[in-house]
Amino acid sequence: MTALPPRGRSAAAILDDLDRLSRDDVDWRSGRAFSLAYHAGPDVEALAELAHARFAGSNMLNVAAFPSLRAMQADVLAMVGDLLHAGPAAAGSITSGGTESLLLAVKAARGLARAERGVERPRMVLPTTAHAAFEKAAADYGVESVRVPVGPDFRAVPAAIEAAIDDDTVLVACSAPSYPQGVVDPVAEIAAVAASRGLPCHVDACMGGLVLPMLERAGEPVTPFDFRVPGVTSMSVDLHKYGYAPKGVSVLLHRDKRRRSFQAFSTDNWLGGFYGSLGVLGTRGGGPLAAAWAVMNRLGAEGYLGLASEARAATLELAGALRERRGVRLLAPPDATLLAFGFDDADAFAVGAALARRGFWVDQQSPPPSLHCTVNAVHRGVICDFLAALDEAHEEVRRSGSRAEAKAYGRAE
Ligand SMILES: Cc1ncc(COP(=O)(O)O)c(C=O)c1O
């Protein structure tokens, strides 16, 4: 066990140590990570770091003391709301990430159903592709998760979702796009099903919320997925993914303020006065918000359009190359910038391990056993190197017949 150093050490020695500690980290700035990290270039990163550092000590717990945070929060919510056509009545909040956004979407739906219909044994209906954080929400907020199988194209099936709804259902959810196979669910049909039963519909656009609007602007066919779709009542968008902000910032938007009110918590049942909070956390640094605000202003619509186009081009390049490879199976044509692929003649997780030995980090998932790439702008010049490493890794595993345990998507350590 390490104790505190008896005396403080020099800043230079500490920074050296930090460099040493990060020596074996995946090289995400060079596009070696097809997961976990996003990079819009050194200029954007440097600005984000400055903005983050400037507000690292501020506290989102009470923005009355930090009008700067209140103003940046309003700006960021308005910018995201504008992209998603949220309308003037919309109400949002800044959260710490996609998981917190989903937790709060579920909490709000539970609260609404309790208040309006007296539902005491809440259930939510969602496709098997919806993110694992919904399960965390189910466990933490006492909402039963009813998972509905997706079709052969890995998209949610509206009729199956409809059939799973009952009197205790409080929420229907879908994804734009789903994490595992990167396809956009038929949001309009699902939202229509939800609306016809008087239920809220959450669209998890944690991945696609900043990419799909840009692909639409670029003239690509994009399945309707945002607040223009009648029946969509809330959406989540992660700024620390394709917003290219540092980690710790996401947006949850509701179609109106009343819906948002059910995500709030308040108490005065202690000796410290009124405590109100829209999120899971209490104290929270202003750094991620300030960095997101700075990056969004730096990039503007033009910058995001360029980054989304680069990420999309890299995704299509990768998808096309995978389709041509013998023994490799692309699980679904990517609707945005995520894709998954499996192997007919090799163990996917062993190939993943062999890729890691070559410096590339891809996610491993099942069922079906497959590798997953979250492609972002940094990958534009990297696909050739990645394919060369993949071919080597694939051949090595095919020849040896080796097998491996799946690496975890997230770890509880
Ligand atoms: C579609 C989707 N929703 C939610 C999340 C959870 O986001 P976070 O890891 O920021 O909590 C992810 C993460 O990859 C995701 O892909």
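Our structure's up above, just so we're on the same page.
In this text, all values refer to a predicted model and were calculated from it rather than measured experimentally.

Caption draft 1: The arrangement of the overall build of the chain in detail. Of the regular secondary structure elements, the chain holds 12 helices and 13 strands. Rg of the C-alpha trace for the chain: 22 Å, near the compact-globule value of 22 Å for 413 residues, within the 12% margin. Burial statistics for the chain: of 413 residues in total, 51% are counted as buried. Across the chain, every contact between residues at least 6 apart in sequence was considered, and the portion connecting residues at least 24 apart equals 72%. By element, 54% of the accessible surface of the chain is carried by carbon and sulfur atoms, the whole surface being about 18900 Å². Across the chain, 42 positive and 47 negative side-chain charges occur, with their mean positions spaced 3 Å apart.

Caption draft 2: Geometry of the sheet that holds strand β7 (residues 250-254). With respect to topology, seven strands assemble into an open sheet ordered β1-β7-β6-β5-β4-β2-β3, the strand pairing being mixed. At either margin of the open sheet sits one strand with a lone partner, and together these are β1 (91-95) and β3 (144-148). Averaged over neighbouring strand pairs, the angle between their axes works out to 20° when direction is ignored. Bridge count for strand β6 (residues 234-238) against β7 is five bridges, and the pairing is antiparallel. Note on β7: the bridge partner recorded for Val 237 is Val 251. Contacts from helix α3 (residues 67-83) reach β1, β6 and β7 within the one sheet, and its direction differs from that of β7 by about 65°.

Caption draft 3: Spatial organisation of the site of the ligand. Taken together, 13 residues are adjacent to the ligand, and Thr 99, Asp 204, His 240, Lys 241 and Tyr 409 come closest. Protein contact buries 86% of the 390 Å² of open area that the ligand shows by itself. Of all the elements, helix α4 (residues 98-117) adds the most residues to the shell around the ligand, at three residues. By residue class, the composition of the shell around the ligand is five nonpolar, five polar and three charged.

Caption draft 4: Geometry of the packing of aromatic side chains. Counting across every chain of the model gives seven aromatic pairs. Centre to centre, the rings of Tyr 242 and Tyr 244 are 6.3 Å apart; their planes meet at 90°, and the pair counts as edge-to-face. The exposure class assigned to Tyr 242 is buried, which follows from its relative accessible area of 3%. You can call Tyr 244 buried: its relative accessible area is 7%. Centre to centre, the rings of Phe 341 and Phe 343 are 5.7 Å apart; their planes meet at 70°, and the pair counts as edge-to-face. In this structure, Phe 341 and Phe 343 share a single accessibility class: buried. Among the aromatic residues, those joined into a cluster by ring pairs are Phe 34, Phe 360 and Phe 386.

Caption draft 5: The arrangement of the pattern of salt bridges in detail. Under the definition given, this model contains 25 salt bridges. Where Asp 43 meets Arg 298, a salt bridge forms, and the shortest distance between an N and an O atom there is 3.0 Å. Residue Asp 43 is found in helix α2 (residues 42-55), and its partner Arg 298 is found in helix α10 (residues 287-324); the two are separated by 255 residues along the sequence. In the salt-bridge network here, residues are joined through shared partners; they are Arg 357, Arg 358, Glu 392 and Glu 396.

What counts as what
Numbering of residues begins from 1 in every chain and follows the order in which that chain's sequence is written. Per-residue local features are limited, in this predicted model, to residues with pLDDT of at least 70; the limit for side-chain atom pairs, both in listing and counting, is 80 or more; totals at the level of whole chains, interfaces and linings are taken over all residues. Only heavy atoms go into the side-chain values, all of them from the structure, while hydrogens and water stay out. To qualify as a helix, a DSSP run of H or I must reach at least 4 residues; to qualify as a strand, a run of E must reach at least 2; elements of each kind are numbered from the N terminus. Within these notes, the globule rule equals 2.2 Å times the number of residues to the 0.38 power, and the radius of gyration is based on C-alpha atoms. Three labels apply to residues, based on accessible area from a 1.4 Å probe with only protein chains included: buried if under 20% of the type maximum, exposed if over 50%, partly exposed otherwise in between. Whether two residues touch is decided by their heavy atoms; if any such pair falls within 4.5 Å, the residues are in contact. Using a 1.4 Å probe, the Shrake-Rupley method yields the accessible areas, and only the shown protein chains count as cover for residues. Neither His nor the chain ends contribute to the count of charged residues, in which Lys and Arg are positive and Asp and Glu negative. A charged residue contributes its charge at one atom only: NZ of Lys, CZ of Arg, CG of Asp or CD of Glu. Strand pairing follows a simple DSSP-based rule, namely that at least 2 bridges must link the two strands. Angular values range over 0 to 180 degrees, each being the angle between N-to-C directions of two axes fitted as lines to C-alpha atoms, with helices fitted over their stretch in contact. Throughout, the term near means that a residue has one or more heavy atoms lying within 4 Å of the molecule or strand in question. Residue polarity is assigned by list, with Asp, Glu, Lys and Arg as charged and Ala, Val, Leu, Ile, Met, Phe, Trp, Tyr, Cys and Pro as nonpolar; anything else, Gly included, falls into the polar class. For Phe, Tyr and Trp, rings pair up if their centres lie within 6.5 Å, where Trp contributes its six-membered ring, and each pair is then called stacked (planes under 30 degrees apart), edge-to-face (over 60) or tilted (otherwise). By salt bridge we mean one thing: a side-chain nitrogen of Lys or Arg within 4 Å of a carboxyl oxygen of Asp or Glu.

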